[in-house]
Amino acid sequence: MNEKTVLAQVATEVMAKFALVFGDIVTADELQPSGHKFRSIEINCEKGAESKIGLAADEEFITMLAASSLGTNEKDPVAQANKYDACMELMNLICGNFIATFRKKGFEGKIGLPQIKEISAEKWKELLKKDGIGFLVEGHPVYYYFEKG
């Protein structure tokens, strides 16, 4: 199993269990940003040199994910206030499951702290060039990527 295959399986499973959201796997070319604000969340998973797992998504996906994981709607003030925390927790779960899968093959990684930042549409396009897997999640473009250090 390669990193891209494992990342696709882990992301699909974690999104479904954590927030009851489901996505269709698509190519990076099919991911057109639907919003005006974009975020990336990256977590280092060390293996000698630093490797990382990242997520690029629009703000609307992040809000929808938080609302769904809390069992509420996107206008709910609690969902709005906790949207970044919910998305960072999603990435913690994805990274943990990813590392656990490869630990069986001798991978000695460990989870770092998730870092979230606002990105431009140009940076969005740059991230889509990284080795990864794209999803359309309830119409929202989401891209998970893996970088080897």
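Residues numbered from 1 in each chain as written. Predicted model: local features only at pLDDT ≥ 70, side-chain atom pairs only at ≥ 80, totals over all residues. Heavy atoms only, no water.

K.L.:
Looking at this structure, I do not really get the state of the cysteines. What am I missing?
P.N.:
Between two cysteines, a covalent bond joining their sulfur atoms is known as a disulfide. For the structure on display, the rule yields zero disulfides. No disulfide involves C45; its nearest neighbouring cysteine sulfur is the one of C95, lying 4.4 Å away. C45 sits in the buried class, given a relative accessible area of 0%. (Disulfide = S-S within 2.5 Å. Buried < 20%, exposed > 50% of the residue type's maximum accessible area, 1.4 Å probe, protein only.)

K.L.:
Where do I start with helix α1 (residues 3-19) in this structure?
P.N.:
Each full turn of the α-helix corresponds to 3.6 residues, which orients residues three or four apart in the same direction. Helix length check: α1, at 17 residues, gives a terminal C-alpha distance of 23 Å against a target of 24 Å (1.5 Å per residue), a fit within 8%. Turning to α1, its buried residues number three or more, namely V6, L7, A8, V10, A11, V14, M15, A16 and A19. Looking at where α1 begins, the residue whose side-chain oxygen comes 3.1 Å from the main-chain nitrogen of K4 is N2. Phi turns positive one or two residues past the end of α1, at L20, with a value near 55°. (Helix = DSSP H or I, 4+ residues; strand = E, 2+ residues; numbered from the N terminus. Expected span 1.5 Å × (residues − 1). Polar contact = N/O pair within 3.5 Å; in protein donor to acceptor, adjacent residues only side chain to side chain.)

K.L.:
How should the pattern of salt bridges be read in this particular structure?
P.N.:
Should their charged atoms come close, side chains of opposite charge can pair. Enumeration over the complete set of coordinates arrives at eight salt bridges. Taking the shortest distance from any N to any O, the salt bridge between E59 and R39 comes out at 3.0 Å. Here R39 lies in strand β2 (residues 38-47) and E59 lies in helix α2 (residues 59-70), a separation of 20 residues in the sequence. One continuous salt-bridge network, built from bridges that share partners, spans R39, E59, K83 and E118. (Salt bridge = Lys/Arg side-chain N within 4 Å of Asp/Glu carboxyl O.)

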